[in-house]
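Observations on the three-dimensional arrangement
Listed below, chain by chain, are the residues.
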Amino acid sequence: MKLYQEQLSQLFKNFVKNADVRNDVLKWIGDCLSENRGKSKKKVRRQNLCLFFSVGKNKEWSSHNPMTAYLYVSDGFLLNLNLVLLNLARPFAEPYSSKLLKIDPIYAICQNSHVHLKDLSKETPFIAREGEQTDEKNADLTFHFITEIFFMAHFCYSSSVQRMHRTLLKINEELSRVQQAYNAARANHEDATRLETAMEKGLSAFFNIKTVLNEPRLLELVNALMSSTCSWLGHIADAPEKESIEPIRQLPLKNKAPKELSFIPELIIENISDFLTFLGRFNVQLFESLPHVNEYVTLVLVFMGDASRLRNPHLRAQLAEAFEAIIPNKQHASGRTLNSSFAEMIFTTHPLIEHLPRVLLDVFVSIELTGQAVAFEQKFNYRRPMYEILEYLWKFDKHRQQVKILAEFAEEHIDDAEAPLFLRFINLLMNDANYLLDEALSHMARLRNNQEAMDRGEWAALPDQQRQELENTFRHTGQIARYTNIMGLKTLIILDMITHDIQSIFCNRAICERLASMLNYFLQHLVGPKRRNLKVRDLNEYQFEPPKLVAKVTDIYLNFAQREEFSIAVCNDGMYGEINFFCKRKKCF
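The structure contained in this document is the topic of the report that follows. (Residues numbered from 1 in each chain as written. Predicted model: local features only at pLDDT ≥ 70, side-chain atom pairs only at ≥ 80, totals over all residues. Heavy atoms only, no water.)

**So, the overall build of the protein**
Helices and strands together make up the secondary structure of the protein, namely 24 helices and zero strands. Looking at the protein as a whole, 51% of its 589 residues are labelled buried. Pairs at least 24 apart in sequence give 81% of the contacts found in the protein among residues at least 6 apart. For the protein, the exposed area adds up to about 27700 Å²; of that, 50% sits on carbon and sulfur atoms. (Helix = DSSP H or I, 4+ residues; strand = E, 2+ residues; numbered from the N terminus. Buried < 20%, exposed > 50% of the residue type's maximum accessible area, 1.4 Å probe, protein only. Contact = heavy atoms within 4.5 Å. Areas by Shrake-Rupley, 256 points an atom, 1.4 Å probe, with all protein chains shown as cover.)

Structure representation (structure tokens):
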């Protein structure tokens, strides 16, 4: 395979060296990518996985559209084309190379006859463009070969490697569903056999795709393109008029966002985020040998917390997920964990790493902003990696100190018309804790009611269809309960961690009363008479851990043991007397 790909790449190199055919070759590549862009835009849905899972009587996959195979080329074709383009890009794919200055951002919106990648102009840019800019779109410009290959390589990566990564994740999710169905169907030999066969097919597809995407030469070429793109994007974001590309030395960037960012398509930063996320999930050991890891970190620090340079909050949140990959002692899909000394080096020696706390809190807050709000449930998926990063950086004095500086500034400007960053952060953190824990308790009570109904035989007496619907709803409720239990506890852990070192701003009257009321409310439900409503079978299955929740709530109380304002707020809350009664009777633990 390696020999075949090398020879194929050499063939295309010979083509483009010939001035007589270069234009035709680039036009063929551009047309090919444009005609198959629809394939990468299609979401990888469960029904589209039928080729991997459908067996025997499994009618669940019958909605798959068989015409897809005839409308677009295969994944293998696009992957090979991507390798060709990555090889063509390799001579200039080096961070801070002067050759990167030949990449012209306006190519991405230009629609004249010299542009071979016609559909690139349809992609969403980093930031909104002011006006139609018709002159720039239709300008009779010619573009350097490096510009064409740079954008084609990224466009093809998005259509091939990134799409295969999404497919891999969907197969992984479906394998979990099949595994659950198999465990539940063991009593039925026919169903168990069918599901076992489906699982084998799914595993085969999973390992095939994973092996292809982990091919060493592919990863080497992709890393070269992505790391050099990081330095180029930093150059464009900072000072595109400069005649050399240099590392960014100061944050936040003070100048207005350059208009060039309104040309560059989002898919480029999507590709970088996808590559880092893939490594974090399936090849974490490669991180330790990446020659240009600082460029990736700089990219995250520049764009993740700057909505003026990257408008899309989803992409900035995805950068946090990509950055999470470097956190050590975290089990990855490959079964390995990252070397802690490697991560410590990044978190302590990167020249701009002191800005990470500010950037992290900024993206945490920004996904709630009007006009940038994401789906209510989705924001918790985005915040999960942010919690992991925040928990890890708290181990370092320099980062804790940066957060304390933000807290002190927020306290000094707490009455400003525009709320300071840290104040917005802790308000949202308390909102999250309140919502997640309340939802978790509500779903646990619902599960208990359902289990009691099953024990009384009420469900067994129902018609098959109605009983099946109730069982499906019960499983769905269990999944939501598990998720909210996990995220609720994690949010409490973060709140405890922060209040252990920072109390003053939380003792502001409004914040103090709100926090005390929230803690009292949950402690009442966890230790009072209502706790019986939360007792279900298989607590571990739903990740419901009342002792840990009570311990974390208690830890937060203890963090304010020396703060009279907080003690008064706790005692003034209407639920305090009831909680005090049960705690005295030693029912808390």
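Back to the text.
**Describing empty space enclosed by the protein**
Counted by the stated rule, this structure contains four cavities of 30 Å³ or more. Of the pockets and cavities examined, the largest cavity occupies roughly 80 Å³. Taken together, Tyr96, Cys230, Ser231, Gly234, His235, Glu246, Pro247, Ile248, Glu295, Thr298 and Leu299 make up the lining of the largest cavity. When residues of the lining of the largest cavity are traced back to their parent elements, those giving at least two are α11 (216–238) and α13 (293–303). No other element matches α11, which puts four residues into the lining of the largest cavity. Of the residues that constitute the lining of the largest cavity, the class distribution is five nonpolar, four polar and two charged. (1 Å grid on protein atoms, 1.4 Å probe; cavity = no way out; pocket = protein on both sides within 12 Å on 5 of 7 lines; lining within 4 Å. Points joined across faces, edges and corners; volume = space filled by probe spheres on them. Nonpolar A, V, L, I, M, F, W, Y, C, P; charged D, E, K, R; others polar.)

**Description of α11**
Over its 23 residues, α11 runs 33 Å from end to end, which matches the ideal 33 Å to within 8%, given 1.5 Å per residue. Here α11 lies mainly inside the structure; 19 of its 23 residues are buried. Where α11 begins, the side chain of Glu215 points an oxygen toward the backbone nitrogen of Arg217, at a separation of 3.2 Å. (Expected span 1.5 Å × (residues − 1). Polar contact = N/O pair within 3.5 Å; in protein donor to acceptor, adjacent residues only side chain to side chain.)

**What about a nonpolar patch on the surface?**
There is a patch of nonpolar side chains on the surface, built from Leu11, Phe15 and Val21 and spanning about 220 Å² of accessible area. Turning to its location among the elements, Val21 is positioned in helix α2 (residues 19–35). (Patch = residues over 30% accessible without salt bridge, like charges linked within 9 Å, V, L, I, M, F, W, Y side chains within 5 Å. Salt bridge = Lys/Arg side-chain N within 4 Å of Asp/Glu carboxyl O.)

**What to know about the nonpolar core**
Residues Phe303, Phe422 and Ile498 are the most contacted members of the largest nonpolar core, which totals 183 residues. The greatest single-element share of this core, amounting to 15 residues, is contributed by helix α19 (residues 421–455). Both of domain 1 (2–36 + 73–159 + 214–393) and domain 2 (410–588) provide at least three residues apiece to this core. Non-local contacts of Phe303, meaning those with residues more than four positions away in its chain, are made with Phe126, Leu233, Ala237, Leu261, Ile269, Arg309, Leu310, Arg316 and Leu319. (Core = buried A, V, L, I, M, F, W, Y, C linked by side-chain atoms within 4.5 Å. Domains from an automatic or database assignment.)

**Quick notes on the environment of Glu388**
Counting through the fold element by element, Glu388 comes out in helix α17 (residues 378–393). The class for Glu388 is partly exposed, based on a relative accessible area of 21%. C-alpha separation for the pair Glu388 and Ala320, spaced 68 residues apart in sequence, amounts to 9.7 Å. Filtering out sequence-adjacent residues up to four positions away, Glu388 remains in contact with Glu324, Ile327 and Lys490.

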